[in-house]
Amino acid sequence: MTKPRKSPVDDIGRRARRLKKAREEPGTSPLRGLGVFGMIGWSIAVPTVAGAFFGLWLDRNMPQDFQWTIALILGGAALGGFIAWAWVSKESGSDRNDD
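Computed from a predicted model, the values in this text were never measured in an experiment.

### Topic: the UniProt feature "transmembrane region" (unreviewed entry) in the chain
UniProt records the feature "transmembrane region" (unreviewed entry) for residues 34-58 and 70-88 in the present numbering. Strand forms 0% of residues 34-58 and helix 100%; the C-alpha atoms that close the span are 36 Å apart. Taken end to end, residues 70-88 is 100% helix and 0% strand, and its first and last C-alpha atoms sit 27 Å apart.

### Let's talk about the packing of aromatic side chains
A full pass over the atoms with the stated rule returns three aromatic pairs. When the ring of Phe54 is compared with that of Trp57, the centres are 5.9 Å apart and the planes differ by 15 degrees; the resulting orientation is stacked. Taken together, the residues Phe54 and Trp57, both in helix H2 (residues 30-61) and three residues apart, mark about one turn of the helix. A relative accessible area of 44% means that Phe54 is categorised as partly exposed. Both rings, one in Phe82 and one in Trp85, keep their centres 5.9 Å apart while their planes meet at 35 degrees; by these two values the pair is tilted. Taken together, the positions of Phe82 and Trp85, both in helix H3 (residues 68-96) and three residues apart, correspond to about one turn of that helix. Given the relative accessible area of 52%, Phe82 is considered exposed. Taking the relative accessible area as the measure of exposure, Trp85 reaches 56% and is therefore exposed.

### Topic: a nonpolar patch on the surface
Where nonpolar side chains cluster on the molecular surface, the patch consists of Leu79, Phe82, Ile83 and Trp85 and spans about 450 Å² of accessible area. Of note, Ile83 is situated in helix H3.

Quick notes on the rules
- Residues numbered from 1 in each chain as written.
- Predicted model: local features only at pLDDT ≥ 70, side-chain atom pairs only at ≥ 80, totals over all residues.
- Heavy atoms only, no water.
- UniProt positions renumbered as here; feature names shortened; annotations may be inferred.
- Helix = DSSP H or I, 4+ residues; strand = E, 2+ residues; numbered from the N terminus.
- Phe/Tyr/Trp six-rings, centres within 6.5 Å; stacked < 30°, edge-to-face > 60°.
- Buried < 20%, exposed > 50% of the residue type's maximum accessible area, 1.4 Å probe, protein only.
- Patch = residues over 30% accessible without salt bridge, like charges linked within 9 Å, V, L, I, M, F, W, Y side chains within 5 Å.
- Areas by Shrake-Rupley, 256 points an atom, 1.4 Å probe, with all protein chains shown as cover.
- Salt bridge = Lys/Arg side-chain N within 4 Å of Asp/Glu carboxyl O.

In structure tokens:
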């Protein structure tokens, strides 16, 4: 038994469907993962460094029994972690609700 040959019209239709699906569902890119990694890093690094600089300024101008620098570095890291968590939650939620 031989397989029936597909006509060129069927071949063109199959290619068109495949291209349409590729446009509608682009899939994941390695560059997108790198971008997400960078966004998470910056969302943690910026508040932490800002807290360090503000803490140094407070230590010079308003000395206390504790060091402002350490407290604000920890606060900045916590705030950055929350920002990163919220961003990742929003991104992963929007991927699931695209139906």
